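Examining the three-dimensional arrangement
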Amino acid sequence: MSAVKELVSTSLWFVFIAALVGSPHFAYYALFPVSLLAVGFLIESPRGINVIKSTDRSVYRVGEEIRIRVNLSVERGIGWVLVRDSLPSEASLVRGSNVRAFFKGLKRLEVEYEYIIVPSKRGRYTLPPTEVYGEHVFGVRESTYAVFVGERDIAVMPGFVLSRRVRSPRGRSRLTVPVTTQSIRGAISTDFKEIREYFPGDPLKFINWKATARLGEVRVNEYEREGRKTVLFFVDVTERMSVGSTMETSLEHSSSLVASLAHYFLKRGYNVGLYLVGSGKLLMPSAGSEQFYSILRTLTEAQHMKGSPESFRSAVEKTKRIVAQYTPLLIYVTNLLEENYHDVTSSLASIASTSRNRLPAIVVDVFPYSVFENEAVSLIKLEKRALAVRLSPLAGIIHWDPAEVGVSSVLAKIILTVR
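Residues numbered from 1 in each chain as written. Predicted model: local features only at pLDDT ≥ 70, side-chain atom pairs only at ≥ 80, totals over all residues. Heavy atoms only, no water.

Okay, the pairing of strand 4 (residues 79-85) next. Sheet analysis places strand 4 next to strand 6 (residues 99-104), joined by 6 bridges and oriented antiparallel. Looking at the pairing, Val 83 lines up with Arg 100 of strand 6. Sheet topology note: the strand 4/strand 9 (residues 130-136) ladder contains 7 bridges and is antiparallel. The residue of strand 9 that forms the bridge with Arg 84 is Glu 131. (Pairing = 2+ DSSP bridges. Helix = DSSP H or I, 4+ residues; strand = E, 2+ residues; numbered from the N terminus.)

Printed below as a string of structure tokens:
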């Protein structure tokens, strides 16, 4: 160790000088480094280290402050104790310090400190690990090192806007949700709705034998149900939604928007369902606060699915029975490009074929390219507007550039469209 070498070297220099000048007094000075070295070997480096970390709660929202408290204790030894907490790359330090230094004397060291971080991305996190270094007071013994891994998981949910804070512009609705949009949970009425194809699980008593014989395929009678209106969200989680900065991808913004819309509709008694296009994750339509937290949990855990073969069309096919029975308002959030335009149009056409009347549908087209500065951005914007014009006969189109317009404005625009 360097400290030992320096003390030994100092003692030898005093002995050498004493011999060189012929004075024994210099030899006495050599005793001080040697004594210090002997005492140092009798003292331990800081040991018996323990770290306990805690937070106020386990669930937060994006942009919300997380207060992390650290309790450090050192049982024995004398020297400096250096503490460092690694921070998640998705969080920033806003108050306090994650690097501290304390001196451990003769008594047991017990200290508590805290710092505050703000997560900028949704997901599940584990409290960051804590590295502790124990430096010997004289540096003559080996330092101690320990890593304490956080044991508590923290869920960071998407940020959402409370509907009561949104002021909807006054105006007439451009997309009316039919009054006949009813919940599957309600009782079946005697009002005939339509004849549709048979789905596994349909009661045999509803089979329309005349239509079945005429068409050569099993058809059933569909009746109106008494209950709530329904909204079904489709959220694209494929690679095209990973465009943007590290912290602000299309999926991050979309999660916040869908959470805000879900809160709005659920507060008004709607059934709300969610399907993640690309991962195949489905939440059946339901109402109440528990459904809202289920949606938040699903959006929190949603990840970009690289190379996923699932298209919007296949997602629609998987939910065809749900769409037929609930006849919901459909809201699809995606990054609309030429590569997925035909998938979207064919999917909406397929949905329309399940109902006698075209179901109301909204496509929220996220524009994540404003973070880039090149000529291609303008070309993509023109391409998106051209695709929207072609898609408008099948659905209402909402353009959204998160760099220019916040969630509140888009939320208000959609509310005006469907209320």
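Turning our attention to the nonpolar core. One finds Phe 233, Phe 265, Val 272, Leu 274, Ile 295, Ile 331 and Val 364 to be the most contacted residues of the largest nonpolar core, which totals 42 residues. Only strand 14 (230-236), helix 5 (250-267), strand 15 (271-277), helix 6 (289-301), strand 17 (329-334), strand 18 (361-366), strand 19 (396-400) and helix 11 (407-418) provide two or more residues apiece to this core. Ranked by the residues each element gives to this core, the list is headed by helix 5, at 9 residues. Ignoring sequence-local partners within four residues, the contact set of Leu 274 consists of Leu 232, Phe 233, Val 235, Val 258, Lys 281, Leu 282, Leu 283, Ile 295, Thr 298 and Leu 299. (Core = buried A, V, L, I, M, F, W, Y, C linked by side-chain atoms within 4.5 Å. Buried < 20%, exposed > 50% of the residue type's maximum accessible area, 1.4 Å probe, protein only. Contact = heavy atoms within 4.5 Å.)

This part covers the packing of helix 5 against helix 11. Taken N-terminus to C-terminus, the directions of helix 5 and helix 11 make an angle of 45°; their axes are 10 Å apart at the nearest point. Classed by the angle they form, the pair helix 5 and helix 11 counts as oblique. Our pair here, helix 5 against helix 11, has a crossing hand that is right-handed. Along the contact surface, helix 5 presents Ser 256, Leu 257, Ser 260, Leu 261, Tyr 264 and Phe 265, while helix 11 presents Val 407, Val 410, Leu 411, Ile 414, Ile 415 and Val 418. Grouping the amino acids of the contact of helix 5 with helix 11 by side-chain chemistry returns 10 nonpolar, 2 polar and no charged. (Axes fitted to C-alpha atoms, helices over the stretch in contact; angles between N-to-C directions. Parallel < 35°, antiparallel > 145°, perpendicular 65-115°, else oblique. Left-handed = near helix turned anticlockwise from the far one by under 90°. Nonpolar A, V, L, I, M, F, W, Y, C, P; charged D, E, K, R; others polar.)

Our next topic: the pattern of salt bridges. The final tally for this structure, using the stated rule, is 21 salt bridges. Across the salt bridge formed by Glu 65 and Arg 95, the nearest N and O atoms sit 3.3 Å from each other. Taken as a pair, Glu 65 in the loop between strand 2 (59-61) and strand 3 (66-76) and Arg 95 in strand 5 (residues 91-95) lie far apart in primary sequence, 30 residues in all. The class for Arg 95 is partly exposed, based on a relative accessible area of 44%. (Salt bridge = Lys/Arg side-chain N within 4 Å of Asp/Glu carboxyl O.)

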